[in-house]
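Observations on the three-dimensional arrangement
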Amino acid sequence: MTADIIADLVIHGGTIVSPDAEYKASIAIKDGSILAIGEQGAMPQAKETLDATGLHILPGAIDVHVHFRDPGYAQKEDFASGTAAAAFGGVTTVFDMPNTLPAISDAKSLAEKHAIARAKAHIDYGLYAVLGEDSLPNIHALIEGGVIGFKCYMGNTFGRIPSPTTGAMLELFEIVAPTGKRISLHAETNSIMERREARLRQMGRTDPLAHLAARPAVVATEAVARAAILAEWTGARIHILHISSAAELRPLAEAKARGVDITGETCPQYLVLSADDYEERRGVIRVNPPVREAENQNPIWQALVDGTIDMIATDHAPHSIEEKTREDIWTVDCGFPGVETQMPLMLTEVARRKASISDYVRWSAENPAKCWGLFPKKGALMVGSDADIAIVDTNRTWTVDDNLTQSTAKISPWHGMEATALPIHTIVRGRFAMKDRQLQENARGWGRSVHAIQAMPTPDVRHVDQTMAAVTSQTATNKGSVAA
Ligand code: DOR
Ligand code: ZN
């Protein structure tokens, strides 16, 4: 190391975790990037040093599925509280969902959300836009406005964004495929669950388990299989959000085997909670898709281990205590916070199930970065990568307390759960967002959109001669020649 380079920060004494190894090393940071990794003696001089003895140093988690509610529902969460919660959870980048008010389906609403996020975010972020019948004419304008990807609601959930017909979905996939942008799917088939819910309500069911009865695993499985067929036909890249059942794994694995560019996430709630928890937690665990029978947990875990499921996200979906504790299950808002507790709970699960912290780093950072073309700038601790770092005590037993979280939502099914790991410091592009479990006030407004990092391979577009655009322009030409 040349003597005249002065790093901004050097972290000594910690154990660095990569997707393949854990090793003791120091890490030097300058101008927001990782400058050097190596022995303490080989590090340059630094303006600041941090002693991480006894702690693990992980690439900050990338949570590709959060709902920060801003604009429109700031009483539930806003970009400041949501990104503070993320920082406390060791998360350095989030992808925010478009079911805000207004929904993000045109260039104007997108620009407004960019302004909000830029002013308030403590960590980096990507913004999703809606892929639906209304946003079809706006797809290119949305990409120009800066989106990380599109979200397609195959089923209704909070915000009631209408789900496109299969016909519209095909056309939407045809348009997005050549852009290379990934389409994330809320893969629950609306017509199945609406029909069942209507019948259950007619019968007078209002108990928590009626929610699960309305949405059995086939609701998700049929949607995954159908979306995979459309992705295979068009060459669109897709991502299956919140995999909740063992049954979805087969269409996912089969699509991967056929060469479809399909990725998948699961969330802590599908690994840690089960149908047995409805009685005690009632509406608090109401979420779409629902927490299911316990026998789904091991197959989902196994799918993470073998790579069928690529990553862990949270579906962080904050609501108020009143909205989560209504008696009639159909009136309870769906979802709960998770961005702040994902890393502690999953590292606890990793220890319990005897996976490695390296596996966790693959699921929480490396794979999300790779699937959205952010790697190795994001999701890696390598020289030249952004200095997005979670410094974690993996030997700390503590109990989740909803009243002590950063999220505005003070109710979750995690309340009272024991975890054996806790992020102590979180660094975003070289700056502390959280230090010694304290939010760093100068981090507010430091977060930036990651959409401009473009390392996606060229898309493999298929059946371009048969798209809606191709056949309608052909029809126009044919008509023209008949008339001539
Ligand atoms: O339970 C859910 N809540 N599932 C979703 O997909 C959306 C989320 C929300 O925005 O509240
Ligand atoms: Zn969601």
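Here's what I pulled together on the structure shown here.

Attention now goes to the overall build of the protein chain. The helix and strand inventory of the protein chain stands at 15 helices and 21 strands. Relative to a compact globule of 484 residues, whose C-alpha radius of gyration would be 23 Å, the protein chain shows 23 Å and is just as compact. Here the C-alpha coordinates of the protein chain stretch approximately 80 × 60 × 40 Å along the principal axes. Scored against the burial criterion, the 484 residues of the protein chain give a buried share of 59%. Counting contacts in the protein chain only where the partners sit at least 6 residues apart, residues at least 24 apart contribute 75% of the total.

Here the zinc ion (ligand 2) is held by the protein donor atoms His65 (NE2), His67 (NE2) and Asp315 (OD), which lie 2.0 to 2.2 Å from it. Each donor residue of the zinc ion (ligand 2) lies on the same chain, and together they follow the pattern H-x1-H-x247-D. You can see His67 sitting in the loop between strand S8 (61–66) and helix H1 (79–88) and its partner Asp315 sitting in the loop between strand S15 (311–312) and helix H12 (321–324), a full 248 residues away along the chain. For the residue pair His67 and Asp315, the accessibility class agrees, reading buried in each case.

Turning our attention to the nonpolar core. Core analysis: the largest hydrophobic core is formed by 88 residues, its most contacted members being Phe173 and Leu185. When residues of this core are assigned to their parent elements, the largest contribution, six residues, is made by helix H7 (residues 217–234). When sequence neighbours within four positions are dropped, the list of residues in contact with Leu185 reads Cys152, Met154, Met169, Phe173, Ala227, Ile238, His239, Ile240 and Leu241. Core analysis: the next-biggest nonpolar cluster, separate from the first, contains 19 residues, Ile16, Ala387, Ile424 and Ile427 among them.

With that out of the way, let us pick up the pairing of strand S16 (residues 389–393). Among the five residues in S16, five count as buried, and that is most of the element. In S16, alternate side chains face the same way, and those of Ile389, Ile391 and Asp393 on one face and Ala390 and Val392 on the other are all buried. As paired strands, strand S7 (residues 56–59) and S16 are joined by four bridges and run antiparallel to one another. Directly across from Leu58, in S16, lies its bridge partner Ala390. Pairing analysis gives five bridges linking S16 to strand S19 (residues 422–428), with the strands arranged antiparallel. Considered in S19, the bridge of Ile391 is made with His425.

Here we come to the packing of aromatic side chains. With the rule as written, the count across this model stands at seven aromatic pairs. The interplanar angle of 90 degrees and the centroid separation of 5.5 Å between the aromatic rings of Phe68 and Phe79 together place this pair among those described as edge-to-face. Taken together, the residues Phe68 in the loop between S8 and H1 and Phe79 in helix H1 connect sequence positions eleven residues apart. The exposure class of Phe68 is buried, given its relative accessible area of 0%.

On to the site of ligand 1, then. Lining the immediate surroundings of ligand 1 are 14 residues, of which Arg69, Asn99, His186, Asn288 and Cys334 lie closest. Measuring from an oxygen atom of ligand 1, one finds a side-chain N or O atom of His319 at 3.2 Å. In the complex, 100% of the free accessible area of ligand 1, which totals 290 Å², lies under the protein chains. Of the residues in the shell around ligand 1, the class split is four nonpolar, eight polar and two charged.

Here the focus is the sheet that holds S15. The eight strands lie next to each other as S8-S9-S10-S11-S12-S13-S14-S15, forming an open sheet whose pairing is parallel. Both edges of this open sheet fall to S8 and S15, since each of them pairs with a single strand only. Here strand S9 (residues 91–96) runs beside strand S10 (residues 124–130); their pairing, made up of four bridges, is parallel. Bridge pairing in S10 links Val94 to Tyr125.

What the seven strands build is an open sheet, ordered S3-S2-S7-S16-S19-S20-S21; its pairing is mixed. Only two strands of the sheet have a single neighbouring strand rather than two, namely strand S3 (22–24) and strand S21 (438–439). In terms of strand pairing, strand S2 (residues 15–17) meets S7 through two bridges, oriented parallel. Bridge pairing in S7 links Thr15 to His56. Set on the sheet, helix H14 (residues 357–371) makes contact with S2, S3 and S7; between it and S7 the angle comes to about 30 degrees.

A few words now on the pattern of salt bridges. Inspection of every chain in the model, using the stated rule, returns 31 salt bridges. With its nearest N and O atoms 2.6 Å apart, the salt bridge here joins Lys378 to Asp124. Highlighted residues: Lys378 in the loop between H14 and S16 and Asp124 in strand S10, separated in sequence by 254 residues. Residues Lys378 and Asp124 agree in their burial class; the two are buried. Taking the shortest distance from any N to any O, the salt bridge between Arg205 and Asp207 comes out at 2.6 Å.

Reading the values: rules and limits
- Residues numbered from 1 in each chain as written.
- Chains lettered and ligands numbered in written order.
- Predicted model: local features only at pLDDT ≥ 70, side-chain atom pairs only at ≥ 80, totals over all residues.
- Heavy atoms only, no water.
- Helix = DSSP H or I, 4+ residues; strand = E, 2+ residues; numbered from the N terminus.
- Rg over C-alpha atoms; globule rule 2.2 N^0.38 Å.
- Buried < 20%, exposed > 50% of the residue type's maximum accessible area, 1.4 Å probe, protein only.
- Contact = heavy atoms within 4.5 Å.
- Donors = N, O, S within 2.8 Å, 3.2 Å for Na, K, Ca; no water.
- Core = buried A, V, L, I, M, F, W, Y, C linked by side-chain atoms within 4.5 Å.
- Pairing = 2+ DSSP bridges.
- Phe/Tyr/Trp six-rings, centres within 6.5 Å; stacked < 30°, edge-to-face > 60°.
- Near = heavy atom within 4 Å.
- Polar contact = N/O pair within 3.5 Å; in protein donor to acceptor, adjacent residues only side chain to side chain.
- Areas by Shrake-Rupley, 256 points an atom, 1.4 Å probe, with all protein chains shown as cover.
- Nonpolar A, V, L, I, M, F, W, Y, C, P; charged D, E, K, R; others polar.
- Axes fitted to C-alpha atoms, helices over the stretch in contact; angles between N-to-C directions.
- Salt bridge = Lys/Arg side-chain N within 4 Å of Asp/Glu carboxyl O.

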